[in-house]
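# Residue-level structural notes
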Amino acid sequence: IIRADGPSQLRRDAYLEALSTKKGPTDRRLQDGEQSPRRLEMNVVHRFHLTVLYEAVEGHVFDNRVLKDIQAFETELRSLSGWREFCHNLVAVDLKYQCDPGDSVLAYAWPSRIALSASYVAAGLTFGLLFNGQGEDPLPVAAALTYVQTATSHEAEQLRRWLPSGRVPSPSAGPGAARYAEESTKLRSTFGFFVDVSKAANTQSSQALSQAISQVKTQFRDFVQNEVHPVVERAHDSKDGLQHVRVFIDGTDIAGHEMMETLKNDCMLALGSIVFVLLSLRLHTQSTVLSFLS
């Protein structure tokens, strides 16, 4: 017999495990002097994500003009009211960094300067850097890439998520190899929204959790359609959009929305063709009935 790897099999295994530890028909009932066991609390987290791919119009993506366009685009995304609602109110606190600043090289390329405590100042340090992608002046690209390359192993893996596979320098190649990555024409940023559904539901009831998940999905779909997609459309505008980089986006509800938009536009074109044919037939036959029947 082949076991099925799915929800039904998991529920069956849980039932059999509970049944095997049950002592008798009345085992669930509390005896005199016994206390009800404490119900375990758990956090239910539902993940949404957006992935943005950038392609330089000319040159490479680490050109200052390209990076400035990317920073403007990501800053506009993070300033959206829906983005702030999800990232600052609904996302699990310890996972907020996944959506602000997100998994983006901009966090390292445009760090903010922060003041240091007296002990650091006494040691001769002037200021610190907070890698949040909201700085006023960019860090030299070679310095930012070298920092990531020589940082901890976890941060070094970020180069593989940002750059095409052929442009990822080996950590063993030394800091100078970071310049190889500068020649890349493509770059990727990823933003994750890990919504704490149990907090939104305010209960551990499975029915309430299911309703909360459904509501959050609807809310995120509306956010993508009404806020994120218009920002991407403006970025594609040849006059007022980004001039030095092309933007492509994928993620939760993106493909479905673009498919429906394409279908809607095709239907409008088809409707226009039908109206044109009916008018042509009406002119030739001089009969509305014959035009519709034809």
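See the structure shown above.
Residues numbered from 1 in each chain as written. Predicted model: local features only at pLDDT ≥ 70, side-chain atom pairs only at ≥ 80, totals over all residues. Heavy atoms only, no water.

## Section: the packing of aromatic side chains
Here is the rule: Stacked, edge-to-face and tilted are the three classes for Phe, Tyr and Trp ring pairs, Trp counted by its six-membered ring, which pair at centre distances within 6.5 Å; planes under 30 degrees apart are stacked, over 60 edge-to-face, the rest tilted. Segments assigned H or I by DSSP are reported as helices when at least four residues long, segments assigned E as strands when at least two residues long, and all are numbered from the N terminus. Only protein chains enter the calculation, and the probe is 1.4 Å; a residue is then buried if its accessible area is under 20% of its type maximum, exposed if over 50%, and partly exposed in between. Definition used: whenever NZ (Lys) or CZ (Arg) falls within 6 Å of the ring centre and also within 35 degrees of the ring normal, the charge is taken to sit over that ring.
The tally for this structure, following the rule as stated, stands at 14 aromatic pairs. Ring centres of W83 and F191 lie 5.2 Å apart, and the angle between their planes is 80°; on these two criteria the pair is classed as edge-to-face. Of this pair, W83 sits in helix α3 (residues 81–90) while F191 sits in strand β4 (residues 186–196), placing them 108 residues apart in sequence. Like F191, W83 is buried. On the basis of an interplanar angle of 75° and a centroid distance of 4.9 Å, the ring pair of W83 and F193 is categorised as edge-to-face. Separated by 110 residues along the polypeptide, W83 in helix α3 and F193 in strand β4 bring together distant segments of the chain. In this structure, W83 and F193 share a single accessibility class: buried. Through successive ring pairs, a cluster of aromatic residues spans F48, W83, F86, F191, F193, F220 and F223. Above the ring of F127, the side-chain terminus of R113 is found at 3.8 Å from the ring centroid.

## A short note on the pattern of salt bridges
Stated formally: One speaks of a salt bridge when a side-chain nitrogen belonging to Lys or Arg is within 4 Å of a carboxyl oxygen belonging to Asp or Glu.
Taken as a whole and judged by the stated rule, the model has seven salt bridges. Ionic pairing is found between E55 and K186, a salt bridge with its closest N-O pair at 3.8 Å. Of the two residues, E55 is situated in strand β1 (residues 45–56) and K186 in strand β4; the sequence distance between them amounts to 131 residues. Here R234 ties to E76 by a salt bridge, and the two come within 2.7 Å at their closest N and O atoms. Residue R234 is found in helix α11 (residues 206–236), and its partner E76 is found in helix α2 (residues 64–78); the two are separated by 158 residues along the sequence. E76 sits in the partly exposed class, given a relative accessible area of 30%. Among the ionic contacts, a cluster of salt bridges with common partners joins E55, K186 and R246.

## A word on the nonpolar core
Note that soluble globular proteins tend to have their nonpolar side chains buried in a common cluster. The criterion, for reference: The set of buried Ala, Val, Leu, Ile, Met, Phe, Trp, Tyr and Cys residues whose side-chain atoms join them within 4.5 Å is what this entry labels a nonpolar core.
Within the largest apolar cluster, 53 residues are counted, with the highest numbers of intra-cluster contacts made by F62, F73, W83, L187 and F193. Among the elements that make up this core, the one with the highest residue count is α11 (10 residues).

## Considerations on α11
Residues lying three or four places apart along an α-helix face the same way, a consequence of the helix completing one turn every 3.6 residues. Stated precisely, the cut-off is as follows: Between the first and last residue of a helix there are one fewer steps than residues, each counted as 1.5 Å, and that sum is the expected span.
The terminal C-alpha atoms of α11, which comprises 31 residues, lie 43 Å apart, in line with the 45 Å expected from a rise of 1.5 Å per residue. Of all the residues in α11, the buried ones are A208, L209, A212, V216, F220, F223, V224, V228, H229, V231, V232 and A235.

## As for the state of the cysteines
Stated precisely, the cut-off is as follows: Cysteine sulfur atoms that come within 2.5 Å of each other are treated as a disulfide pair.
Going through the model one piece at a time under the given rule, you end up with one disulfide. Between the sulfur of C87 and that of C99 lies a disulfide, 2.0 Å long from S to S. In this structure, the disulfide formed by C87 and C99 twists by about 90° around the S-S bond and is classed as right-handed. With C87 in helix α3 and C99 in the loop between α3 and α4 (106–109), this residue pair connects regions lying 12 residues apart in the sequence. Residue classification places C87 among the buried residues on the basis of a relative accessible area of 2%.

## Notes on the pairing of β1
Using the following cut-off: When DSSP finds two or more bridges between a pair of strands, those strands are recorded as paired.
Strand direction decides the pairing type here: β1 and β4, joined by 11 bridges, are antiparallel. For L50, the partnering residue across the bridge sits in β4 and is F191. Relative to strand β5 (residues 245–251), β1 runs antiparallel, the two sharing seven bridges. The partner of L50 across the bridge, within β5, is G251.

## Re the sheet that holds β4
Short version of the rule: Where helices are involved, their axes are fitted lines through C-alpha atoms of the stretch in contact, as for all axes, and angles between N-to-C directions lie from 0 to 180°. Two residues qualify as a contact provided that any one of their heavy atoms is within 4.5 Å of a heavy atom in the partner residue.
On the basis of which strands lie adjacent, the open sheet formed by three strands has the order β4-β1-β5 and antiparallel pairing. Only two strands of the sheet have a single partner each, and these edge strands are β4 and β5. On average, adjacent strands in this sheet sit at an angle of 20° to one another, irrespective of strand direction. The strands touched by α2 are β1, β4 and β5; relative to β1, the strand with the most contacts, the crossing angle is about 150°. The strands that α3 touches are β1 and β4; relative to β4, the one it contacts most, it runs at about 55°.

## Here we look at the side chain of R78
Rules: The term polar contact refers here to a pair of N or O atoms within 3.5 Å; inside protein, the definition further demands a hydrogen-donor-capable atom paired with an acceptor-capable atom, and it admits residues adjacent in sequence only when both atoms are side-chain atoms.
When you line up the elements, R78 lands in helix α2. Take R78: its relative accessible area is 10%, and that puts it in the buried class. A polar contact of 3.3 Å, which involves the side chain of R78, links it to the side chain of D100. The residues contacting R78, other than those within four sequence positions of it, are W83, R84, C99, D100, P101, N132, G133 and Q134.

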